[in-house]
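For reference, the chains in residue letters:
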Amino acid sequence: MTMDIGKLDDEARNILRGNDRGGYTLPTAGLYPYQWNWDSAFAARGFAAFDAPRAWVELETLFSGQWPNGMVPHILFHKPDPGYFPGPDVWGADLGPIASSGISQPPVAASAARAMLEADPAAGRDRAAGLFPKLLAWHRWFMDWRLDRGAVCITHPWEAGRDNAPDWDGAMAAIDPVGVGEYTRRDTSHVNPEMRPTKDDYDRYIWLVQRGRRLGWDEARMLEYTPFRVADPTMTFILLRAQRDLRAIGQALGEDTAEIDGWIATLEAGAETLSNARLGAFDARDARTGEFADCVSSASFLCWYAGLEAPEMLAVYDRVTAACRYPVPSHDPDSAKFNPRRYWRGPTWGILNMMIGQGLAEQGHEARAEALRRVTADLIAEHGFAEYFDPVTGAPAGGKAFTWTAAVWLTWARPSAEAV
Ligand code: DGY
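Cut-offs applied
Residues numbered from 1 in each chain as written. Predicted model: local features only at pLDDT ≥ 70, side-chain atom pairs only at ≥ 80, totals over all residues. Heavy atoms only, no water. Helix = DSSP H or I, 4+ residues; strand = E, 2+ residues; numbered from the N terminus. Buried < 20%, exposed > 50% of the residue type's maximum accessible area, 1.4 Å probe, protein only. Areas by Shrake-Rupley, 256 points an atom, 1.4 Å probe, with all protein chains shown as cover. Lys, Arg positive; Asp, Glu negative; His and termini not counted. Charge placed at Lys NZ, Arg CZ, Asp CG, Glu CD. Pairing = 2+ DSSP bridges. Contact = heavy atoms within 4.5 Å. Axes fitted to C-alpha atoms, helices over the stretch in contact; angles between N-to-C directions. Near = heavy atom within 4 Å. Polar contact = N/O pair within 3.5 Å; in protein donor to acceptor, adjacent residues only side chain to side chain. Nonpolar A, V, L, I, M, F, W, Y, C, P; charged D, E, K, R; others polar. UniProt positions renumbered as here; feature names shortened; annotations may be inferred. Disulfide = S-S within 2.5 Å. Core = buried A, V, L, I, M, F, W, Y, C linked by side-chain atoms within 4.5 Å.

1. Focus: the overall build of the chain
Working step 1: When its secondary structure is counted, the chain shows 17 helices and 10 strands.
Working step 2: C-alpha extents for the chain along the principal axes are approximately 55 × 50 × 45 Å.
Working step 3: When each of the 420 residues of the chain is scored for burial, the buried share is 61%.
Working step 4: For the chain, the computed accessible surface area is about 15,100 Å², with 50% contributed by carbon and sulfur atoms.
Working step 5: Taken together, the 42 basic and 56 acidic charged side chains of the chain have centroids lying 3 Å from each other.

2. Quick word on the sheet that holds strand 8 (residues 285-286)
Working step 1: The strand order across the open sheet built from four strands is 3-4-5-8, with neighbouring strands paired in antiparallel fashion. Of all the strands in the sheet, just strand 3 (147-148) and strand 8 have a single pairing partner and so form its edges.
Working step 2: Relative to strand 8, strand 5 (residues 230-231) is paired through two bridges, and the arrangement is antiparallel. Paired with Ala-231 across the strands is Arg-285, a residue of strand 8.
Working step 3: The strands touched by helix 12 (residues 233-253) are strand 4 (151-154) and strand 5; relative to strand 4, the strand with the most contacts, the crossing angle is about 130°.

3. Regarding the site of the ligand
Working step 1: If you check the shell around the ligand, you find Tyr-32, Trp-36, His-74, Tyr-84, Trp-158, Asp-163, Arg-196 and Tyr-343 and nothing else.
Working step 2: In the model, an oxygen atom of the ligand is placed 2.7 Å from a nitrogen or oxygen of the His-74 side chain.
Working step 3: Between an oxygen atom of the ligand and a side-chain N or O atom of Tyr-343, the distance comes to 3.4 Å.
Working step 4: Surface burial for the ligand is 95%, taken as the share of its 230 Å² of free accessible area covered by protein chains.
Working step 5: Partitioning the shell around the ligand into residue classes produces five nonpolar, one polar and two charged.

4. So, the UniProt feature "domain: Mannosylglycerate hydrolase MGH1-like glycoside hydrolase" (unreviewed entry) in the chain
Working step 1: With numbering matched to this structure, UniProt assigns "domain: Mannosylglycerate hydrolase MGH1-like glycoside hydrolase" (unreviewed entry) to residues 32-405.
Working step 2: When the span residues 32-405 is considered, its composition is 48% helix and 6% strand, and the gap between its end C-alpha atoms is 14 Å.

5. Considerations on the state of the cysteines
Working step 1: On inspection of all chains with the given rule, the structure shows zero disulfides.
Working step 2: For the unlinked cysteine Cys-295, the closest cysteine sulfur is that of Cys-324, found at 16 Å.
Working step 3: The cysteine Cys-303 is free of any disulfide, with Cys-295 supplying the nearest cysteine sulfur at 16 Å.

6. Topic: unusual backbone geometry
Working step 1: Along the chain, Phe-85 connects to Pro-86 via a cis peptide bond; the corresponding omega equals 0°.
Working step 2: Along the chain, Pro-86 falls in the loop between strand 2 (75-76) and helix 4 (88-91).
Working step 3: Pro-327 connects to Val-328 through a cis peptide bond whose omega is 10°.
Working step 4: Residues other than glycine seldom take positive phi values, yet Tyr-343 does so here, at roughly 60°.
Working step 5: Along the chain, Tyr-343 turns up in the loop between helix 14 (313-322) and helix 15 (350-362).
Working step 6: Taking the relative accessible area as the measure of exposure, Tyr-343 reaches 4% and is therefore buried.
Working step 7: At Ala-401, a residue that is not glycine, the phi angle is positive and equals roughly 45°.

7. Details of the environment of Gly-92
Working step 1: Topologically, Gly-92 is positioned in the loop between helix 4 and helix 5 (109-119).
Working step 2: Given the relative accessible area of 27%, Gly-92 is considered partly exposed.
Working step 3: Among all residues touching Gly-92, those that are not within four sequence positions of it are Arg-213 and Trp-217.

8. Describing the nonpolar core
Working step 1: With 139 residues, the main nonpolar core has Trp-38, Phe-301 and Trp-409 as its most contacted residues.
Working step 2: Excluding residues within four positions of it along the chain, Trp-38 makes contact with Gln-105, Pro-106, Val-108, Ala-160, Gly-161, Ile-238, Trp-344, Ile-351, Leu-352, Met-355 and Trp-404.

9. Examining the environment of Arg-288
Working step 1: Its location among the elements puts Arg-288 in the loop between strand 8 and helix 14.
Working step 2: Here the alpha-carbon distance between Arg-288 and Val-320, two residues 32 residues apart in the chain, equals 29 Å.
Working step 3: Once residues within four sequence positions are removed from consideration, Arg-288 is found in contact with Ala-174, Tyr-225, Thr-226, Pro-227, Phe-228 and Arg-229.
Working step 4: At 2.7 Å, the side chain of Arg-288 forms a polar contact with the backbone oxygen of Thr-226.

Below is the structure:
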């Protein structure tokens, strides 16, 4: 199809401006009325395409909510909004300077900061120097509290960002959400419930929040008994990548990066523990039982983004991407659990495509990277800046006017002058 690139650029910039609340950017108004951690780092990358100072502010605002233990929460509740559940009263997480959730999210901020610094080293140097110790403290928090055999675990499905992925079905089934009580979801009043997690999932999400609250969000106490702890490819690959990017920032600033070298070695070994030989792919592994989830997900293909060669994953990638018109599906289309509309159980997400595409290109798989970029551009041009998309039909799903989809367009998916 012919694509009006200028018009799409304008639309993407307008979405970022429209979701800007002054220093931070909503993922989309209504459904997500606060600052979300990884959404915000992608927003920074989007702003960097046309307003670099505003991009740095986005990351600085995110780190203004950092906890004394280094953790950067997955949601910062800057201003109360009754349209969202669970809000700050439910989380009861008052350890940081800003009301927040009590868990984190995949750490993409260092990678955004590196891209921004390299785009304009002179203007970015002071901003990057201000963020460096904060990024280091956050990455150290993961290394201190979230490792299992060197792979990075999540303690809540929301921590992976892939809330209802089949990867967690086994671990979630082991939770009996006894005493969770009555509550009113707000997500299903903003979008079609068929596109959102089920009530069974939600009961467990809330039960885990209530438990964290009872334990005062104290990592040491929470580690004494872990009802949910899954080593996750999203977290492991993204943190490994982020450590490499943080090391590059440190080197550019003349900092000592020996500690980061050690972390990279640990995570490289940890990534190997996610390789499920039976499945022939990287997979989530329940840290409590040692069982693999037997799930090929879009996160499995973040191996290249993590800087691994992983040649054995190429055939898996080719099979999965050939199975639908608009890859990369968040769950294997050949699996009985595949659902093309339900959030992380099948739909395609632009941010995953961008990270997978970057990784493919860096590992020398240029043709695959370019095909993925092109299909993502088609998806956005044909179906708009939706939160996620049906991988079979391309139909838009979830929230509209979505910040990270706009950012993906501006920073990666839009055809460059050469590709037109
Ligand atoms: C939600 O509320 O659906 C979010 O995914 C939690 O982070």
